Each structure stands twice: as C-alpha cells, then as structure tokens.
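Breakdown of the fold
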Amino acid sequence: MPSVSQALVGALVLMVDFATATLREGVLPAYHYGAPIPVSCMNRSTETGEHIQDVHDEIQWIPFPVCNETSKPLEFHYGTESEVNCTVAMIDDPFFHLLEFYIHSDAPLACRLPARPQPHIEAQEYIPLVFALAGTLQKSHLHISTHLNVLLHSTPKHHVHPHDSGVLDSGIAYSTSPLSHMDGSQTKRLVIGDPLPLSLSVRWFPTPALPKTEGKVEWAGMGGHVYASTIFYGLVSFTAGVLGSAVYFFGVVLPKRLRGRGLGGATPLGYGLNGKGVGNGWGIAKRID
Ligand SMILES: *[C@@H]1O[C@H](CO)[C@@H](O)[C@H](O)[C@H]1NC(C)=O
Ligand SMILES: *[C@@H]1O[C@H](CO)[C@@H](O)[C@H](O)[C@H]1NC(C)=O
Ligand SMILES: *[C@@H]1O[C@H](CO)[C@@H](O)[C@H](O)[C@H]1NC(C)=O
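To keep things clear, this report deals only with the structure shown in the data block. (Residues numbered from 1 in each chain as written. Chains lettered and ligands numbered in written order. Predicted model: local features only at pLDDT ≥ 70, side-chain atom pairs only at ≥ 80, totals over all residues. Heavy atoms only, no water.)

1. As for the layout of surface pockets
Roughly 300 Å³ of internal volume is contained in the second largest pocket. What lines the second largest pocket is a set of 17 residues, and nearest its centre among them are Ile62, Pro65, Phe95, Leu98 and Tyr102. Secondary-structure elements contributing two or more residues to the lining of the second largest pocket are β2 (40-42), β3 (61-63) and α2 (93-103). Per-element accounting of the lining of the second largest pocket gives the leading share, four residues, to α2. (1 Å grid on protein atoms, 1.4 Å probe; cavity = no way out; pocket = protein on both sides within 12 Å on 5 of 7 lines; lining within 4 Å. Points joined across faces, edges and corners; volume = space filled by probe spheres on them. Helix = DSSP H or I, 4+ residues; strand = E, 2+ residues; numbered from the N terminus.)

In structure tokens form, the structure reads like this:
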C-alpha cells in the first residue's frame, strides 16, 4: 500500500501538470459562452463537384449559405444548445447541382469551424464539420431531409464555472431519419428556385468522448442529466481536495489563481437541461426571453 507521503507527492505531480496545462491554455484565446462560430465550406465546381483552389493552390473556403432568418451565413454559438432554423431563400441552378453531389456523396458538404476565436499572432486552426445530407434524386426534383443533428465537442477542460470558456475539439452534422424522406415529414421536395428550410438541433459535449450506456457512466437518454464528464469532474474535485491537504502539509504556497480554479469543484451537471427535456449535451440552452 502506498504511504501517505507517496500519495501526496503524486498529488503534487498532478498539481504541477494541472498548473502547466492551465498556463498554456491561458495564452491562447478561447471561446466564451455564446460566442459566434462562423461556418465556412469548400467552394466546389457546380459542374464536377471538385473543390476549387485559389492561386496559391489552396482550397477556397466560402461562408455557408445565408440563412433567411438571420440574413447571415449559418453560425453556431459556443456552448449554446438550441434549435436553429436556417432557410436558404432560393436554391438556384448551381446550388441545386451541388445538392445532387452532396446527396449522392459524390462530394461531401465539407465545412469547417475555427477551433478558437481569431488569434492575433498564430495561424488560425480549424476543425472539420461535414454535413452528411440525406435525400433522393429524381429526374426533375429531389427530396432532401431538412432536419439535421449537429454534435459539437469541446476540448476537455476544468470547467469551474457554468459559463466557462473553451476550445472546439470536433463535430459532425447529419440528416436524421433519412428513410422517412418520402412521407413528407421533415423533408422537402425541391425544384430549382425553391427555398430550402433547414432545421438544426445543436448539442454540445464537454470532452471528445460520448456518454456511455454501459460501465460507470450512464446516458439517461432524452432529458437525461448524467454525463460522461461526471467522473472526470469528480476526480478534479477529489484531486483539488487532496491538493488542499498536500499544500497544508508541505507548506507550499499555491499561486492564488490556481487555487481559485482548482478548489472550485463545480461540475457542469445539469447545464444541458433547458426545462423542455431536449438538452442532452453539456451546453446551455439558449434563453428565450
Ligand atoms: C466559387 O468558385 C467559383 C468558380 O471559381 C466562383 O465563380 C465563385 O465566385 C466562388 N464563390 C465564392 C463565394 O467566392
Ligand atoms: C423553426 O421553424 C419551424 C417550422 O417553420 C417553427 O415551427 C419553429 O418555431 C422555428 N423555430 C425557431 C427557433 O424559430
Ligand atoms: C425571407 O425573409 C423575408 C423577410 O423577412 C420574407 O419576406 C421572405 O418570405 C423569406 N423567405 C423565405 C423563403 O423564407
């Protein structure tokens, strides 16, 4: 059995790791809750579906189509879980052909999100966000599923406050119920010139991991409030407690900032609940005032 002093030394090592990560994280910009995250996508040839390169042979990224609701290209908000409507006002001929490529998976609707807010010095990093669109093609028209789930993961971080800031880790967007496309629910029969009414359910997760249904962490389903992060935050709180004792024993004076962060012990439990039973992730529901 490890002695008490071994345990304390282990705790100190953990503390130093924690401090290092905290300091490194403090240097680069992070998203604050609700911060807008613009979506940009590969520009593609409407004839071949191939991506278009600029003069430097670099892929050309263009904003997601403008949503009629906001008069702006689609954007998400950091940590905000919501139902978003984005109606593309008019599907013109070129866009219609691109939709055919997307639906046949000849070319993906490949988009990206800035992992962090605009940095001042370093190059911007992006995470890929593919929109897996489902539908069927007919001679004169197409059917397209109009509801999409958007899952966004944040990097693991010590979220001490409910509205803590963070960085994007990964994401995916996909049409739901692709087989119901003929019955008219959440599907659109589209001809050139029609509007395309997309609705997106956006959910956030505090780590790259998905909640588990077996093992120690349960996924309680719709309206659930047990998250994969629970154990992680439990460990953080426990470690913080041990650190408190270690500090006392060794007489080490912790930097004030670290202590403030480390001993908080708050968890994001329940933040995904918005009272309507739809928030399963970790982000907060957009307040509807
Ligand atoms: C996408 O590429 C096409 C073909 O080069 C070009 O005409 C079009 O302007 C580009 N789109 C945007 C938004 O820049
Ligand atoms: C989105 O559109 C649907 C259908 O038009 C509507 O019922 C719903 O209220 C809209 N949601 C928001 C958040 O605007
Ligand atoms: C787009 O918005 C305008 C102004 O809000 C509205 O008049 C128009 O009907 C909308 N079009 C679609 C396709 O939703």
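2. Describing the pairing of strand β15 (residues 196-205)
Within β15, nine of the ten residues are buried, leaving the element largely enclosed by the surrounding structure. Inspection of the sheet shows strand β7 (residues 80-88) paired to β15 by seven bridges, in the antiparallel sense. Counted as the bridge partner of glutamate 83 is serine 201 from β15. Bridge count between strand β12 (residues 147-154) and β15: seven bridges; the pairing is parallel. Bridge pairing in β15 places leucine 152 opposite tryptophan 204. (Buried < 20%, exposed > 50% of the residue type's maximum accessible area, 1.4 Å probe, protein only. Pairing = 2+ DSSP bridges.)

3. Digging into a nonpolar patch on the surface
Taken together, Val130, Ile172 and Tyr174 make up a surface patch of nonpolar side chains, about 200 Å² in accessible area. With respect to the helices and strands, the residue tyrosine 174 is situated in strand β13 (residues 168-175). Looking at tyrosine 174, the relative accessible area reads 30%, which means it is partly exposed. (Patch = residues over 30% accessible without salt bridge, like charges linked within 9 Å, V, L, I, M, F, W, Y side chains within 5 Å. Areas by Shrake-Rupley, 256 points an atom, 1.4 Å probe, with all protein chains shown as cover. Salt bridge = Lys/Arg side-chain N within 4 Å of Asp/Glu carboxyl O.)

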